[in-house]
Amino acid sequence: MPGPIEDRRCRAGALGHPLRRWLFPARVELDPLEPLRGAHVADLGAGIGYHVERLLERIGPTGRLYAVEPDPDHLTLLTERFGSDGRLVPLGRSANSVPEIPDAGVDRVLLSLVLCCVVDPGAVLDEGYRILAPGGRAVVTYPAWGIPTARRRRYRLTEERWARLVRRRPWLERSSERRFGVRRRVLEKPA
Ligand SMILES: C[S@@+](CC[C@H](N)C(=O)[O-])C[C@H]1O[C@@H](n2cnc3c(N)ncnc32)[C@H](O)[C@@H]1O
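What you see is a predicted model; the values in this text were computed from it and never measured.

Asks: Break down the overall build of the protein chain for me, citing the residues and quoting the values.
Replies: In terms of helices and strands, the protein chain carries 8 helices and 7 strands. Expected size for 191 residues packed as a compact globule is a radius of gyration near 16 Å; at 16 Å, the protein chain falls within 12% of this value. The principal-axis extents of the C-alpha atoms in the protein chain amount to approximately 50 × 35 × 35 Å. When contacts within the protein chain are restricted to residue pairs at least 6 apart in sequence, those whose partners lie at least 24 apart make up 73%. Accessible surface computed for the protein chain: about 9600 Å², of which carbon and sulfur atoms make up 53%. Counting 33 positive and 24 negative side-chain charges, the protein chain places the averaged centre of each group 5 Å from the other.

Here is the structure:
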């Protein structure tokens with residue numbers, strides 16, 4: 001008997017797998033977020049920090065990086081690696097409410113493989129919109145396919161579901177592409 005539907009946890013080993021690094025190097029998500037130098041960035045659902053090293057490189061000495069991650073094991077791994085960096089603000093909470101980040105408090109939002117793990121992706125995407133400054137940009141990725149078991153169907157982002165999500169706020173959708181089964185969308189908050 002499956003338990004109640006809840007946000008999914010992921011295996012740390014899968015997140016840092018060499019095959020992922022080969023097929024989906026961090027730059028695939030970070031290039032569309034440029035320019036990043038001096039930017040304040042929120043990595044929502046940061047996991048073990050797959051993008052953190054490259055983000056810290058790109059934001060430079062005056063940038064700031066909020067790494068929001070509710071799984072304590074993942075957040076521990078992330079802070080063990082990067083926690084000594086004063087530009088990093090690790091936050092152990094769900095991305096559907098991040099009161100530590102003020103309205104319009106960041107220039108860039110990264111949601112890499114997160115909306116496909118949460119029961120309420122609308123709440124998470126809305127929170128991304130709230131914290132993003134006008135004219136700011138978000139990159140959102142999620143699997144474009146998967147075995148639609150009954151349980152997985154609950155998390156699946158079909159085209160119709162995506163269209164409903166993105167209509168909840170006046171996002172401007174700048175691009176959408178599919179690479180090796182992963183959908184990658186670039187959104188902007190109107191200036
Ligand atoms: C597939 S992993 C992706 C992690 C990271 N973004 C990456 O690209 O490697 C999904 C992450 O979302 C996290 N997560 C689950 N529910 C969440 C929520 N409500 N808010 C933020 N993150 C969540 C999981 O703990 C996991 O670390």
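Asks: Break down unusual backbone geometry for me, citing the residues and quoting the values.
Replies: The omega torsion of the bond from Glu34 to Pro35 falls at 0 degrees, within 30 degrees of zero and hence cis. Relative to the helices and strands, Pro35 is located in the loop between helix 3 (27-30) and strand 1 (40-44). Non-glycine residue Ala104 carries a positive phi angle of around 55 degrees. The residue Phe180 is not glycine, and still its phi comes out positive at about 45 degrees. Locating Phe180 in the fold gives a position in the loop between strand 6 (172-179) and strand 7 (182-188). Given a relative accessible area of 53%, Phe180 falls into the exposed group.

Asks: Describe the site of the ligand, listing the residues and the values that go with them.
Replies: In the vicinity of the ligand there are 22 residues, among which Asp7, Arg20, Gly45, Glu69 and Ser112 approach most closely. Side-chain polar atom of Asp7 to a nitrogen atom of the ligand: 2.7 Å apart, as the coordinates give it. Residue His74 places a side-chain N or O atom 3.0 Å away from an oxygen atom belonging to the ligand. Taking 600 Å² as the accessible area of the ligand by itself, protein coverage stands at 97%. Split by residue class, the shell around the ligand holds 10 nonpolar, 6 polar and 6 charged.

Procedures and definitions
Residues numbered from 1 in each chain as written. Predicted model: local features only at pLDDT ≥ 70, side-chain atom pairs only at ≥ 80, totals over all residues. Heavy atoms only, no water. Helix = DSSP H or I, 4+ residues; strand = E, 2+ residues; numbered from the N terminus. Rg over C-alpha atoms; globule rule 2.2 N^0.38 Å. Contact = heavy atoms within 4.5 Å. Areas by Shrake-Rupley, 256 points an atom, 1.4 Å probe, with all protein chains shown as cover. Lys, Arg positive; Asp, Glu negative; His and termini not counted. Charge placed at Lys NZ, Arg CZ, Asp CG, Glu CD. Buried < 20%, exposed > 50% of the residue type's maximum accessible area, 1.4 Å probe, protein only. Near = heavy atom within 4 Å. Polar contact = N/O pair within 3.5 Å; in protein donor to acceptor, adjacent residues only side chain to side chain. Nonpolar A, V, L, I, M, F, W, Y, C, P; charged D, E, K, R; others polar.

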